[in-house]
Amino acid sequence: ITKDSDINVHLIVVGMTQVAYAMATTAAHICHFPNFMTKGKRTKITFIHKDIKQEFDYWMGHFESLMDLSYSELVSWDKHGRKNVVKTDPKHEYISPLWPDSKGFLDVEWEFIDAGIEDPNVREYIRECVKKDGVSEYLSFAFCGHESEDNVAASFYLPKEVYAKSDIPVYVYQSLTRWVLATAKETDRYNNLYPFGMRTDCFDPQQERLLWAKRIKFIYDNEGKYDAMASLDKLNEGWYKKEGQYIMQQSNVYAANSVPVKFRSIGLDPAVRTSMTSDEVKDLAEIEHNRWNVERLLAGYSPVPFEDRMTIIAGLLSSDKAAVKLAKDEKNRLKKKLFKHADIAPYDELLNLSKEYDINIVKNLLDVIKQ
């Protein structure tokens, strides 16, 4: 998905279990693309779950900060088949009155469908999504119920239009073994089924992404002074610093996981190219900030109201040293004491000093993934 693409990602998650939450939030961490900046295209994540209200309320409470800035829809049908949609826009106090889109500045949106996967209305909804696949969206499914057998059975009985397009991936949670689906994949009909979550597969012997994360943290810690990648011993020294260790490690891991998607979005093959243009760096920096916005919200940080953000920015730009110090102190107080981050905002709103963090990371990503 490039700057010129008219297509967005659409992930349909069946079930609202812990695995479903993990799948959805992982997609929200990774699926950020440059055509949000040019065309306003958002990644769409849909949950399908019968009697969804309790889980919907839990999601809205658990990820309150994220949902305060997100556009979402709660969809249901009455007994006569009439569709009901309840739409929720981001809270207006966090959005500039000049912002052109009522859906806000996040590049991820949410949909919650109150019906089972077997419901005729849901099946028709899926057929309509299949028609859009490759035209206006890239469609994927993830079956994330508690029981492996139920996930397999449900994945076998999607509308036939899904299987007719073999490039639509259908991920099926299997806690113990992949063999049932491995057998099914040998047939022409079910070759787009992919098992995931097997306990025997839940490790990475090379830990490549963890190495990338350590390198990203090293670049971040040496912001403005980075000139070459450190040795593994030096990386580990910085990785295990105590202050804010866990949350920063997770942030770096999420950033590392998004690197392949970032490179594909600008058409960069690291095996062929060894540098990026200034325009590519700028685009990747904005993509990284959009990713970071969602990551911080998922981590529990809250946004700062727009008017308060403007007050902080005015102070930071002041020629009065006392006003600058006051603004810095307030920004740090909000972050450390109240878990509110003033940089959860549109990229264009950031001051150059904040933008430099993103630029410094993305311009060195080729060093991050170097063998």
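Report follows, based on the coordinates.

Conventions adopted
Residues numbered from 1 in each chain as written. Predicted model: local features only at pLDDT ≥ 70, side-chain atom pairs only at ≥ 80, totals over all residues. Heavy atoms only, no water. Helix = DSSP H or I, 4+ residues; strand = E, 2+ residues; numbered from the N terminus. Buried < 20%, exposed > 50% of the residue type's maximum accessible area, 1.4 Å probe, protein only. Contact = heavy atoms within 4.5 Å. Salt bridge = Lys/Arg side-chain N within 4 Å of Asp/Glu carboxyl O. Axes fitted to C-alpha atoms, helices over the stretch in contact; angles between N-to-C directions. Parallel < 35°, antiparallel > 145°, perpendicular 65-115°, else oblique. Left-handed = near helix turned anticlockwise from the far one by under 90°. Nonpolar A, V, L, I, M, F, W, Y, C, P; charged D, E, K, R; others polar.

Attention now goes to the environment of S155. Looking at the secondary structure, you find S155 in helix α6 (residues 148-156). S155 sits in the buried class, given a relative accessible area of 0%. Once the C-alpha coordinates of S155 and V172 are considered, the two residues, 17 residues apart in sequence, prove to be 7.1 Å apart. Not counting residues up to four positions away in its chain, the partners in contact with S155 are F143, Y163, V170, V172, L181 and L193.

Attention now goes to the pattern of salt bridges. One pass over the structure, following the stated rule, counts 24 salt bridges. Salt-bridge contacts for D283 lead to K3; the nearest nitrogen and oxygen are separated by 3.2 Å. Of the two residues, D283 sits in helix α13 (residues 278-298) while K3 sits in the segment before β1 (8-14), which places them 280 residues apart along the sequence. According to the relative accessible area criterion, D283 is buried, its value standing at 14%. Salt-bridge contacts for R333 lead to E330; the nearest nitrogen and oxygen are separated by 2.9 Å.

Position of P346 among the secondary structure elements: in the loop between β10 (340-341) and α16 (352-362). Judged by its relative accessible area of 10%, P346 falls in the buried class. Look past the residues within four positions of P346 in its chain and what remains in contact with it is W99, F105, H289 and R309.

To continue, consider helix α14 (residues 306-316). Of the positions making up α14, those classed as buried are F306, R309, I312, I313 and G315. Close packing links the buried residues of α14 with α15 (321-338).

A separate point is the packing of helix α9 (residues 208-221) against α16. Running from N to C, α9 and α16 cross one another at 135°; their axes reach a closest spacing of 9 Å. The angle between α9 and α16 places the two elements in the oblique class. With respect to the hand of their crossing, α9 and α16 are arranged in right-handed fashion. The segment α9 lies against α16, with I216, I219 and Y220 engaging Y357, N360 and I361. Looking at the contact of α9 with α16 residue by residue, the classes come out as five nonpolar, one polar and no charged.

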